[in-house]
Amino acid sequence: MKNISRHIRPFAAAIALGSASMASAALQVHQLGSDNTLVRITGDNERLLIIPVQESMPDAKIEVLVDGKVEDTFYVRLADSNIDYTVPFDLAPYLAKGEVLLNIVSEVDRTHSRSASEFICWDEMKTAGNFDSSNTEKYRPAFHHTPLYGWMNDPNGMFYKDGRWHLYYQRNPYGSKWQNMTWGHSSTADLVNWEHHDDALRPDGLGSIFSGSSVVDKNNTAGFGNDAVVAIYTSAGKSQIQSLAYSHDNGSTFTKFKGNPIIPNQREARDPNMFWHEPSQQWIMVLADALEQQMQIYTSPDLKDWTYQSSFGKGYGSQFGVWECPDLMEIEVEGTKQKKWVLVCNINPGGPFGGSATQYFVGDFDGKKFTTKTPSHVAKWMDYGKDHYATVSWSNAPEGRHTVIGWMSNWDYANEVPTMQFRSANTLPRDLGLFKDADGEYYLSVRPSAEVETLRGEESTFPAANVGAEAISYKLPAANDGICEIVIDYSAKNCKDLEFTLSNEKGEKVVMKFDVEKCEFSMDRTASGLTNFSRKFPAVTTAPTHNKKAQGTLRIFIDRCSVEAFDGNGRFAMTNLVFPENPYTDLIVSAQGGRAKLNNVTIYSLNATN
Ligand code: FRU
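What comes next is a walk through the structure. (Residues numbered from 1 in each chain as written. Predicted model: local features only at pLDDT ≥ 70, side-chain atom pairs only at ≥ 80, totals over all residues. Heavy atoms only, no water.)

1. Brief notes about the site of the ligand
Rules: Any residue with at least one heavy atom within 4 Å of a molecule or strand is counted as near it. By the criterion applied in these results, polar contacts are pairs of N or O atoms within 3.5 Å in which, for protein atoms, one can donate a hydrogen and the other can accept it, and in which residues neighboring in sequence qualify only through two side-chain atoms. Surface accessibility in these figures is a Shrake-Rupley result with a 1.4 Å probe; residues are shielded only by whichever protein chains are displayed. A run of H or I in DSSP counts as a helix once it spans at least four residues, and a run of E counts as a strand once it spans at least two, with each numbered from the N terminus. Note that Gly is not counted as nonpolar here; it falls among the polar residues with everything else outside the nonpolar set of Ala, Val, Leu, Ile, Met, Phe, Trp, Tyr, Cys and Pro and the charged set of Asp, Glu, Lys and Arg.
For the ligand, the set of nearby residues contains 13 residues, the closest of which are Asp154, Gln170, Arg270, Asp271 and Glu324. Take Asp154: an N or O atom from its side chain is 2.7 Å from an oxygen atom of the ligand. Between an oxygen atom of the ligand and a side-chain N or O atom of Asp271, the distance comes to 2.6 Å. When isolated, the ligand has an accessible area of 320 Å², and the protein chains bury 95% of it. Elements with a minimum of two residues in the shell around the ligand: strand S9 (150-161), strand S13 (208-217), strand S17 (269-277) and strand S21 (322-332). For the shell around the ligand, a count of residues per class yields six nonpolar, three polar and four charged.

Spelled out as structure tokens, the structure:
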């Protein structure tokens, strides 16, 4: 049973205002011309303005005025002829000061003669005491983090402190397409049960709040107090500059630094990622020099004064897009005491299957400069699916863990995927390691974080089997639309291909395959369900298995709109969105060019957390 009350945003101050129970006085709407509207709202109204949205409309610009002063500006696709959904705007901070006047400029579509005064939104705009964000959509994931409503892209600013993992994310609170970049905030004690909080950082005069990172300043190097949480993010206005904010309540609320911007760089640079470098006793920041396809490295004693040291990337790896969302971390090589540095460079487009993806470089870092011995033409990918982007790690993670989470979408079609109430989820949280392969190169290992196993519910184990061209079929659990984890111990050394197909009675399917000779794993979603919302969506993605023995464990996680496949030893990860019209009901396994052994097949139903 779903706990509906969790999904109704609390808006605690509504009670303090004493307005929640009052009847909503009518809004006064004054049409000033074909594209300009004034909406007057008095303190007699309830605190939330409910705004009707039509996604196909262009953005209208809304200025919030109190006593003639512009207090806030945001953009909404106001409904003209049809209401797709509504979004709430919190009026409380402004109503507390007096009457609110919204000065709205709508971009009127020049291809027809309607003026903004004819929009349907004016009749349906109203005030309310709360906003019901309970799920109304079949593709909302059951065990992945999603915003309650509205748009989400990059995870960012993540830190761990006092037993909680904090996740901030690029959010549009006023629609399910990219706009109004704000840091949304959620947190969890166990990486699977998420609590949603109020937005942490909202746009200001320097711009909207793009991606960044947070650190726990244990020794008060910045002077904001011991253990203050310090966030640095990109203020994206006319330019992209770096700004700082700090928090004394474990990241619930932030105060913006008066000296912002702290790095007024002269070109498009964004997504600052910071960490404390023990050997050189200083803070390091990696900043994406987006259009130059390189990462800049800065150092600082106090998180406020930053000195440029070096750049890495020109001519390295994939160069076919902008470089964004960096991370730099030191990771121990499996089975050794050796440590190497991993520089994460998210890139868009230029991913191996088009659009966005997460590439990385393994090398050394001396406190000022990152270097690698890997030949410059080599590109390594953290995940070989099409829906894994902007992945970065939690700072201050316990037990030296390198725990990351990604945005489970792709800029190729993120704004078009067939959901509306919310758009985009995060990947499962994953823990990174490093391994050295036979080619002498170092690669990241990627495993679902151990906490993910706590989602397991009912377990069905099937006897060992020997499989050839005649397929073996397994039923997926029906509960919660078939969300599940499938664990298969396999040996494919005596066949050419070992194939796993997820399918439903409509014939929709996802086909996964080990190609033994090529040492590759692939996933084909061309017939997975709805695919025609973007010609860039149908895809076959392929990963190197780093496993010549062709035996091991495959783990597959199915949520309502995603399939994530992992090698049991973390040798590859593959994340792909799927939109089947009905949930997949069957797993069908077959082998071609010989026979394969299935030593164990276990299917776990998973407990929904959303
Ligand atoms: C990556 C990105 C970042 C930027 C953010 C804006 O997806 O383009 O570089 O900070 O999204 O939302």
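2. Comments concerning the packing of aromatic side chains
Applied cut-off: Under the pairing criterion, centres of Phe, Tyr and Trp rings, with the six-membered ring standing for Trp, must be within 6.5 Å; the plane angle then separates stacked pairs below 30 degrees from edge-to-face pairs above 60, leaving the rest tilted. Burial classes: relative accessible area under 20% of the type maximum marks a residue as buried, over 50% as exposed, and values in between as partly exposed (1.4 Å probe, protein chains only).
Evaluated as defined, the whole model comprises 42 aromatic pairs. Taking the centre distance of 4.8 Å and the plane angle of 85 degrees together, the rings of Phe312 and Phe370 count as edge-to-face. With Phe312 in strand S20 (residues 307-312) and Phe370 in strand S24 (residues 370-371), this pair connects stretches of sequence that are 58 residues apart. Considered together, Phe312 and Phe370 belong to a single accessibility category, that of buried residues. Grouping aromatic residues by their ring pairs yields a cluster made of Tyr139, Tyr413, Phe533, Phe537 and Phe579.

3. A few points about empty space enclosed by the protein
Selection criterion: Space inside and on the surface of the protein is sampled on a 1 Å grid over the protein atoms alone, with a cavity defined as a set of points where a 1.4 Å probe fits but cannot get out and a pocket as an open set with protein on both sides within 12 Å along at least 5 of 7 lines; lining residues have an atom within 4 Å of a point. Grid points are joined across faces, edges and corners, and a volume is the space filled by probe spheres set on the points.
Tallying each qualifying case throughout the model produces nine cavities of 30 Å³ or more. Counted as a void, the largest cavity has a volume near 90 Å³. What lines the largest cavity is a set of 14 residues, and nearest its centre among them are Tyr360, Trp381, Tyr384, Leu444 and Arg571. The set of elements that each furnish at least two residues to the lining of the largest cavity consists of strand S25 (380-381) and strand S30 (442-448). Looking at which element gives the most residues to the lining of the largest cavity, the answer is S30, with three residues. Along the lines of polarity and charge, the residues of the lining of the largest cavity split into ten nonpolar, two polar and two charged.

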